[in-house]
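# Summary of structural features
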Amino acid sequence: MKVLAVAFCVLAVRLAEAAKILGVFSIPSISHQLVYRSLMKELHSRGHHITVLTPDPIRDSSLQNYTEIEIDLSAAYTMWKNRLSSLTENRDKGLNYIYTTANLIQLGLDVCEVELNLPEVKNFLYQDNKFDLVMIEWILSPCFAVIGYKVGAPVIGISSIPPTIVIHDTVGNPAHPAYSPDILLSYTDRPNFIQRIHATVHYVALQFVYRFWILPSHDALVRKHFKDNSMPYIEDVVKNVSLVLVSSHFSFHYPRPIVPAMVDIGGLHLHKPKPLPKNLKNFLDGAPEGVIYFSLGTNVRSDGMSVEKRQIFLDAFSELQNFRILWKWEGDELPGKLCNVKVAKWLPQQDILSHPKIKVFIYQGGMQSTEEAIQAQVPLIGIPFFADQDVNVRKVVEAGAGIYVDFQDITKDVILNTIHKIIHDPSYKASMKKLSEIASDQPENPLDRAVWWTEYVIRHKGARHLRSAALDLTWYQYLLLDVIAFFAVIPMFATWLISCITRFIVYVIKSRMSPRPKRD
């Protein structure tokens, strides 16, 4: 009876503390959504009432108090696919990062324009909804921050990638270009002189673009859709975010100073391996010397490669007959498919990587894939395309756990030599094992950490006390330009004053020493 009484009391307390949480996860990419989905399901399991706007709903009718408002897949995914296809194709043409950055900025505007205009989103936002907390995907689209303002609830931002300069600035976190360059630049935490120049110019330029292009554009969008002129300027809304959860950790990314309002949750979506489907397990088990797993993730499609690039991979795989190749291929069929190659449109990646026959993972450098490979201790061959992929691959290389391959430089020999090097040089496996041990050595599970901080914001009805004073400084105050100017003016004024005094003294001396005219 005592056990039942305790259980009843605990249940009553949990029900009393249950909060209504709204999740707005706008990017139509399943790899991003898996991170947010993991957190929302865990919050639901702890008694909270969840409502989610997402392009990738779970559709699990057994989940009570878990409501999903599906963002139209055809509209959101078509826009996303077209924009990312352009980035992927132009990576092959060798265009620089300016083109990529501009396209990512425009992508954020596209997401806002498409999704705020959808009937299901409009209908929901115009209802009189009340929530205790709003969680918003905090990567490309600050426009969605106004949802927290509209429903009168504190906001937590969450990012499935490491923090960009813009994310750092949201909570006033220092992001010094000399030791913490933006992830879009793919530099280490020890950039050389030329890289520091580049990182500094990039930092200043992105600050300018953010304030004078991105924010005004998003502000105009939300005013058009909400038709509410009483709303504060979007920058003021964004700066009132209580907390930002970011998919990074010092064990893999470079150490950096961090304010309390930014919390690392790298590895949040990881889970213990599950049994593989029988046909997939048999394919992996039957590999004579092992399996090469090849997947470019969810945002870079293998079937979008040129015929020439695709044939290069097929030619290389044809010379690896003692290995089996598992290839995530999004098309209905793979032209010229080999007998040692198995393709599928979707694969349970975490479970596959945990299979003992996997020898190497060829991937695009995505954050979630990197975390999954680290957990499974599988060496990597990274072929990055855009965003954080480049810096993720370079960090793997720096740790000695993988090899970087530029998509433009791919040939059959490059692929074969890289695969043989990874498989036959035990140092890559050993380095990945060491990296995995460091990453897993944490005082608490990243998911538990994310839940604790989420409930912390709910308990205190916001977390303005975590807000850095840096958010209230002007750009010239933050860069101490006024202080520098003050100390620059002092010697200039002192020099001028000394010069004036000196000229006066010289004048007086000369006037006294000059002969006076004689009187008659």
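Keep in mind that this is a model prediction, so the values were computed, not measured. (Residues numbered from 1 in each chain as written. Predicted model: local features only at pLDDT ≥ 70, side-chain atom pairs only at ≥ 80, totals over all residues. Heavy atoms only, no water.)

## Some details on the side chain of Q350
Rules: Each helix is a run of DSSP H or I of at least 4 residues and each strand a run of E of at least 2, with the numbering of both proceeding from the N terminus. By the convention used here, residues are in contact when the closest approach between their heavy atoms is within 4.5 Å.
Its place among the elements puts Q350 in helix α12 (residues 349-353). With residues up to four places along the chain from it excluded, the contact list for Q350 reads H269, L270, H271, E372 and Q375.

## Remarks on the packing of helix α13 (residues 367-376) against helix α16 (residues 426-440)
Put simply, the test is: Working convention: axes come from line fits to C-alpha atoms, limited for helices to the stretch in contact. Angles between N-to-C directions cover 0 to 180 degrees. Oblique is the label for any angle not covered by the other classes, which are roughly parallel (under 35 degrees), roughly antiparallel (over 145) and roughly perpendicular (65 to 115). Gly is placed with the polar residues, together with every amino acid not listed as nonpolar (Ala, Val, Leu, Ile, Met, Phe, Trp, Tyr, Cys and Pro) or charged (Asp, Glu, Lys and Arg).
Here α13 crosses α16 at 100°, and the two axes come no closer than 7 Å. The angle between α13 and α16 places the two elements in the roughly perpendicular class. Within the contact between the two elements, α13 uses A373, I374, Q375 and A376 and α16 uses K429, M432, L435, S436 and A439. Here the residues of the contact of α13 with α16 are counted per class, giving six nonpolar, two polar and one charged.

## Some details on the sheet that holds strand β7 (residues 262-264)
Quick note on the threshold: At least two DSSP bridges between two strands are needed for those strands to be called paired.
The strand order across the open sheet built from seven strands is β3-β2-β1-β4-β5-β6-β7, with neighbouring strands paired in parallel fashion. The sheet terminates laterally at β3 (66-70) and β7, the two strands that pair on one side only. Averaged over all neighbouring strand pairs, the angle between strand axes comes to 20°, with direction disregarded. Here strand β4 (residues 133-137) pairs with strand β5 (residues 155-159) via four bridges, running parallel. Bridging from a neighbouring strand, I136 pairs with G157 of β5. Across the sheet, helix α2 (residues 30-45) lies against β1 (20-24), β2 (49-54), β3, β4, β5 and β6 (243-246), angled at about 165° from β4, the strand it touches most.

## Brief notes about the environment of H44
Let me state the cut-off plainly: For the exposure calls, accessible area comes from a 1.4 Å probe over protein chains only, and a residue counts as buried if that area is under 20% of its type's maximum, exposed if over 50%, partly exposed in between. Any pair of N or O atoms that falls within 3.5 Å is considered a polar contact. Within protein, one atom must be able to donate a hydrogen and the other to accept it, and sequence-neighbouring residues count only if both atoms are side-chain atoms.
With respect to the secondary-structure elements, H44 resides in helix α2. On the basis of relative accessible area, H44 is assigned to the buried category, the value being 16%. Each C-alpha atom, one on H44 and one on Q64, is 8.8 Å from the other, the two residues being 20 residues apart in sequence. The contact partners of H44, leaving out residues within four places of it in the chain, are I50, L63, Q64, N65 and Y66. A distance of 2.3 Å separates the side chain of H44 from the backbone oxygen of Q64, its partner in a polar contact.

## Observations concerning helix α8 (residues 193-226)
It helps to recall that an α-helix has 3.6 residues per turn; residues three or four apart then point in one direction. To be explicit about the condition: Take the residue count of a helix, subtract one, and multiply by 1.5 Å to get its expected span. Note on bend: the value at a residue is the angle between axes fitted to the seven residues ending there and to the seven starting there.
When the terminal C-alpha atoms of α8 are compared, their 47 Å separation across 34 residues agrees well with the 50 Å that a helix rising 1.5 Å per residue should span. For α8, the principal kink sits at Y210 and spans about 40°. Where α8 begins, the capping side chain belongs to N192, and its oxygen is found 3.2 Å from the backbone nitrogen of I194. Where α8 ends, the next residue or the one after it, K227, has phi of about 50°, a positive value.

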